[in-house]
Amino acid sequence: MSADRQAFQERLDRIGQIFSDLVEHAEVSSRTRCPYRDRHDLCTALFRCRNQLASPSDPDQLSCGHDGTFDYRTAWEAHPRARVRAKEKIENIKREAESRREDRSGKAAPR
């Protein structure tokens, strides 16, 4: 292997090691740090979270109150009933569309 090629390979290996360290740190951090918390500890989420804190100086700006001591994913507000209602609504829309197709064609729609 030529000296240039060997130097190039050493640089590639070094870059690979740097990125490997970055990925490892990101993976560990992702288990405890809220992904919507920016570097200034502001919340960038476009939904409500129980960890959002209003800023005393700017009520429109929310800071992230997540302290990294728990699984932040449970903080996201979820509305299971809304999910069930949405699922039922989708099923009704499907049935209505199928019925309209049957009416137009005069025969049952394929399933």
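Within each chain, residue numbers correspond to sequence positions counted from 1 in written order. In view of the model being predicted, local features appear only for residues whose pLDDT reaches at least 70, and side-chain atom pairs are presented and counted only at 80 or more, with totals across whole chains, interfaces and linings using the full set of residues. Excluded from the side-chain calculation are hydrogens and water; included are all heavy atoms of the structure.

K.L.:
Which parts of the structure should I look at to understand the packing of aromatic side chains?
P.N.:
Each aromatic ring pair is characterised by the separation of its centres together with the angle its planes make. Geometry of aromatic contacts follows a simple scheme: Phe, Tyr and Trp rings, the Trp one being its six-membered ring, pair when their centres are within 6.5 Å, and the pair is stacked under 30 degrees between planes, edge-to-face over 60, tilted otherwise. All told, the structure shown has one aromatic pair when counted by the stated rule. Between the aromatic rings of tyrosine 36 and phenylalanine 47, the centroid separation amounts to 5.1 Å while the plane-to-plane angle is 90°, which identifies the pairing as edge-to-face. Of the two residues, tyrosine 36 sits in the loop between α1 (3-30) and β1 (52-54) while phenylalanine 47 sits in the loop between α1 and β1, which places them eleven residues apart along the sequence. Under the scheme used here, helices are H or I runs from DSSP no shorter than 4 residues and strands are E runs no shorter than 2 residues, and both carry numbers assigned from the N terminus.

K.L.:
Where do I start with the pattern of salt bridges in this structure?
P.N.:
A side chain of one charge can pair with a side chain of the opposite charge when the charged atoms of the two come close. A side-chain nitrogen of Lys or Arg and a carboxyl oxygen of Asp or Glu constitute a salt bridge if their distance falls within 4 Å. One pass over the structure, following the stated rule, counts two salt bridges. Between aspartate 41 and arginine 37 there is a salt bridge whose closest N-O contact spans 2.9 Å. Burial here depends on accessible area, computed with a 1.4 Å probe over protein chains only, as a share of the maximum for the residue type. Under 20% is buried, over 50% is exposed, and the range in between is partly exposed. Accessibility expressed as a relative area gives 33% for aspartate 41, which makes it partly exposed. Ionic pairing is found between lysine 94 and glutamate 91, a salt bridge with its closest N-O pair at 3.8 Å. In this pair, lysine 94 and glutamate 91 both sit in helix α2 (residues 80-105), three residues apart, roughly one turn of the helix. For glutamate 91, a relative accessible area of 36% corresponds to the partly exposed category.

K.L.:
I tried to follow unusual backbone geometry on my own but got confused; where do I start?
P.N.:
For residues that are not glycine, phi is negative in most cases, and the peptide bond is trans in most cases. Even without glycine at this site, aspartate 41 takes up a positive phi of about 65°. Summarising the element assignment, aspartate 41 is placed in the loop between α1 and β1.

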